[in-house]
Amino acid sequence: MSTVAAVVVTYNRQAKVGETLDRILAQTRALDWIIVVDNASTDGTDQVLASYCADRRVIVYRLQRNMGGAGGFSAGMSRGYELGADFVWLMDDDCYPSPDALEELETGLAKAEEAMAMPLSYACSQVKFVDGEICEMNNPSTTWDWGRLMALGQECVLVTNCSFVSVLFPRRVLTRFGLPLKEYFIWFDDQEYTLRVTRAAPGVQCLRSVVVHDMGVNRGVNFADVSAENMFKFRYGVRNEASYRLHHQGVGAFVKFAVRLAQQLHAGHVAWPLRIQLLRKLIEGVTFNPKPEYPRSVL
Amino acid sequence: MDEQSTEHRPLALFELLDESGIGLIDSSAGLLDERERRLVVGAANFHALAAPGQLLRIIVLRGPWGTFPALTDRTVHHIEWAGDREAVGSMVLRSVVQPLNAVARPTSILGLVVDVGGGTKFGTLYRSLPGWQGQVRRTARSLAPIQFDALRQLRTDVVERLLAGRGVKRRASTRLNRSTRPGGTSGPPAVLFGLHWLELGGAERWALDTIQMAADAGATPIVITDRESNNPWITKPELASALVVPLTHPMDPATEAAFLNGLLETFDIRGIHVHHNAWLYQRLPWLRAVRPDIPVIDSLHIREWRTGGFVDTAVRLSSAIDTHHVVSPALRDYMIGRQGLPAEKIKLATLANLTTDNSITMDRQLGIDGPFTVVFVGRFAQQKRPYLFLRLAARLREHAPGKFRFVMHGDGELADEVHLLKARFGLDALQIRGPEIPVAHTLAEADVVVICSDNEGLTLTSFEATAAGVPVVSTDVGSQVSLTADGLLCPRHPYRFLDAATTKVIAMMTSPDQRKSWLDEQVVKATAFAKLPLARPWVRDLYQGWLR
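Just so it is clear, the structure is predicted and the values come from calculations on it, not from any experiment.

The next subject is the packing of helix 1 (residues 34-50) of chain B against helix 5 (residues 253-266) of chain B. Residue and element names in this part refer to chain B. It is the contact of helix 1 with helix 5, at a shortest axis distance of 7 Å, that shows an interaxial angle of 85 degrees. The orientation of helix 1 with respect to helix 5, classified from their angle, is roughly perpendicular. Contacts between helix 1 and helix 5 pair F46, L49 and A50 from the former with T255, A258, F259, G262, L263 and T266 from the latter. Considered class by class, the residues forming the contact of helix 1 with helix 5 number 6 nonpolar, 3 polar and no charged.

Residues and elements named next belong to chain A. Across its 19 residues, helix 8 (residues 231-249) extends 26 Å between first and last C-alpha, which sits within 8% of the 27 Å expected from 1.5 Å per residue. Every buried residue of helix 8 is listed here: F234, R235, G237, V238, R239, N240, E241, A242, S243, Y244, R245 and L246. Next to the buried residues of helix 8 lie helix 7 (189-197), helix 9 (251-267) and helix 10 (272-287). Where helix 8 ends, the next residue or the one after it, G250, has phi of about 110 degrees, a positive value.

All names here are of chain B. Across the sheet, which stays open at both edges, the 6 strands sit in the order 14-13-12-15-16-17 with parallel pairing between neighbours. Among the strands making up the open sheet, the edge pair consists of strand 14 (431-433) and strand 17 (489-490). Relative to strand 14, strand 13 (residues 404-409) is paired through 3 bridges, and the arrangement is parallel. Counterpart to V407 in the pairing with strand 14 is Q431. Its contacts with the sheet put helix 9 (residues 386-399) on strand 12 (372-377), strand 13 and strand 15 (448-451), and the angle it makes with strand 13 is roughly 170 degrees. Sitting on the sheet, helix 12 (residues 460-467) is in contact with strand 12, strand 15 and strand 16 (472-475), with an inclination near 170 degrees to strand 15.

Counting through the fold element by element, P97(A) comes out in strand 5 (residues 95-97). Between the C-alpha atom of P97(A) and that of N230(A), which follows or precedes it by 133 residues, the distance is 27 Å.

Our next topic: the domain arrangement of chain B. By a frequent convention, interface size equals the accessible area lost on bringing the separate parts together. All names here are of chain B. Taken domain by domain, chain B comprises domain 1 (14-115), domain 2 (189-350 + 534-546) and domain 3 (372-530). A separation of 26 Å is found between the C-alpha centroids of domain 1 and domain 2. Every contact between the two is made by 20 residues of domain 1 and, on the other side, 24 residues of domain 2.

Rules used in this analysis
Residues numbered from 1 in each chain as written. Chains lettered and ligands numbered in written order. Predicted model: local features only at pLDDT ≥ 70, side-chain atom pairs only at ≥ 80, totals over all residues. Axes fitted to C-alpha atoms, helices over the stretch in contact; angles between N-to-C directions. Helix = DSSP H or I, 4+ residues; strand = E, 2+ residues; numbered from the N terminus. Parallel < 35°, antiparallel > 145°, perpendicular 65-115°, else oblique. Contact = placed C-beta atoms within 7 Å. Nonpolar A, V, L, I, M, F, W, Y, C, P; charged D, E, K, R; others polar. Expected span 1.5 Å × (residues − 1). Buried ≥ 20, exposed ≤ 12 C-beta atoms within 10 Å, placed from the backbone. Pairing = 2+ DSSP bridges. Domains from an automatic or database assignment.

What follows is the structure, given as structure tokens:
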């Protein structure tokens, strides 16, 4: 039987991470390891995590400093790979998987691969908000032939990119494509990674695998929402996406992104000082081009 | 088939009519030693298989020291030889391999001249580089081995970057599922093995183990080597019941086919196990086309930086191989993740208990009162970079004169260089030990083992050191991360390696707690690694299935 390591990255999420871990531990498909990467939390999250360490499957990996979601997922995936996991299952610390979420991902991926007669890059869940609506931020993008598996009676959709909120990667994907770019720190790391790995084959969204993302407000990424309070995330987002569009998709994609950014900032009446800061980040993306690291084969 | 049963009589596919100097009838009356005699028998078997029923006259030459045998290549048909060769034997024999056309039994005598080479020099590709380029490289290499190595590592970096993500192009498969035979096979069951050479090495040690397992399972091991070598291990007891054929190149293509046809008609070959043998790899598509029913496996140990080595050869020829046996997680991941081979075709089975019993000694006392003993164990070969160990020893001695003791345990093609550098660095206290002393004795004295290799699969030395309770400082290459504490892994580049290794060895000498902490981590890794499937039982079961 295949081995699975869940990877949860947490930062100052004392109130929610416990429920995430409870839901993971209660999966109908038992996990071999639950790797919790603590991004140097300061709010007592470490104490919550300590209470789970009695379970031998739980490995708490506390980083010396906050390395963002990108650095945390990279470290956790690397650890899972070193432990010999056949799959890594990634999610945020405010993600609540339904009891059969993993089982549905695993069986959905296997059936999809059988139907497609080819290995696929990953399987991701359907992500809902706490009110049962679809979660705006975690919608995957579909391929041109997204309904191919549905035509065969499977409740799966072929996708290109998705978020790191309940996504299952086979080990071979990490071997071939490496780890997420930890230099991204936060935002667009999941998009870049899933776009990178789907160069070989699409991913699949298993609609029967459901998770709830308890993210406070159900909003997708829109530059019209930029404010002084949320500016730090958008700064990373603009730099990372600009870098990706330019270095991996070409000048045209970069220009298109710049136009979209300008349009959304204009539509949201974002303050000019913030717009200038984001313009600087857009320019920073021209020289910012990190390369992936690869995990080490230990077991 | 004349299966001579005495311990000294290897399996022969010929009837000996007369001989002089070789000592096959009376070894005490021969001019050849046992190794040379086995080489001659190997050559005679090859020609007996290639020319069924043929009368053969074989003249045996011995070359000057430093020359390699010529046993099966085109030169054996020349009855004129170089002035530095001495004739040391002559034999007349008749091949007992049955010709397919019994009516056309040849009656004339075929004259052959084989050369057993001179002495047990170690085989090396490096020394055989031809022309002025080879001479320049050899000169640069001997004058400044570490600087030369630094350039080599830079080249490795470039090639590795260029080849990153490259998929190896695979050969088309053989679609035949039934063999076409001129006659039924009624020979003894056999397993065909392909080896690099019969010299000291981890892959060769494993190959001999598998040969013994095949013999134990009731098969005749047929062992083919293809690399230029004096084959010092040809006298090993594991080969006692084997048909050993050390090939030398270039061979006549017609003779190659005749040889393989002879094997297929003489033996009931139940399986093929390729260890490291380029010639046999390249002939697998032909063998699969002739006998698609014969299962084929290979054992893979190490991926070469620049060429991919046997690993990439195996990927290229994967359509002619049923199962790839890999000895390390790194190779498993490379084959499945990087090259896209089906997971069910890759078998990870480790050599964790090949030279140890997996027990670990943890109650060793450190040499705190005496000097701190730093040890190198391995072949004196380019891959192992013994010159880096010597430079490291020189650095450590400069740092703390009299506090360290050094032992180098091994032998090989760079033995001369090791002695030269020892003198050049003034390392009078460094002790060099040959293979006549058991490695266990050296490890029992060691406080730390240093592995300087340019490339590795997973060193048997790491297993042995862990079993002896000795921490290992190693370059971070191949799968060494599986058995080495993270803090004791060093960069591959020579200068960075020397800096890191010096720091780590000094840290262990000055802090027994630090040394114990690293050793504990090494033991945890070794314990986890030991839970992976082992190669011996897997291969044993596989062979038994083949021979059922």
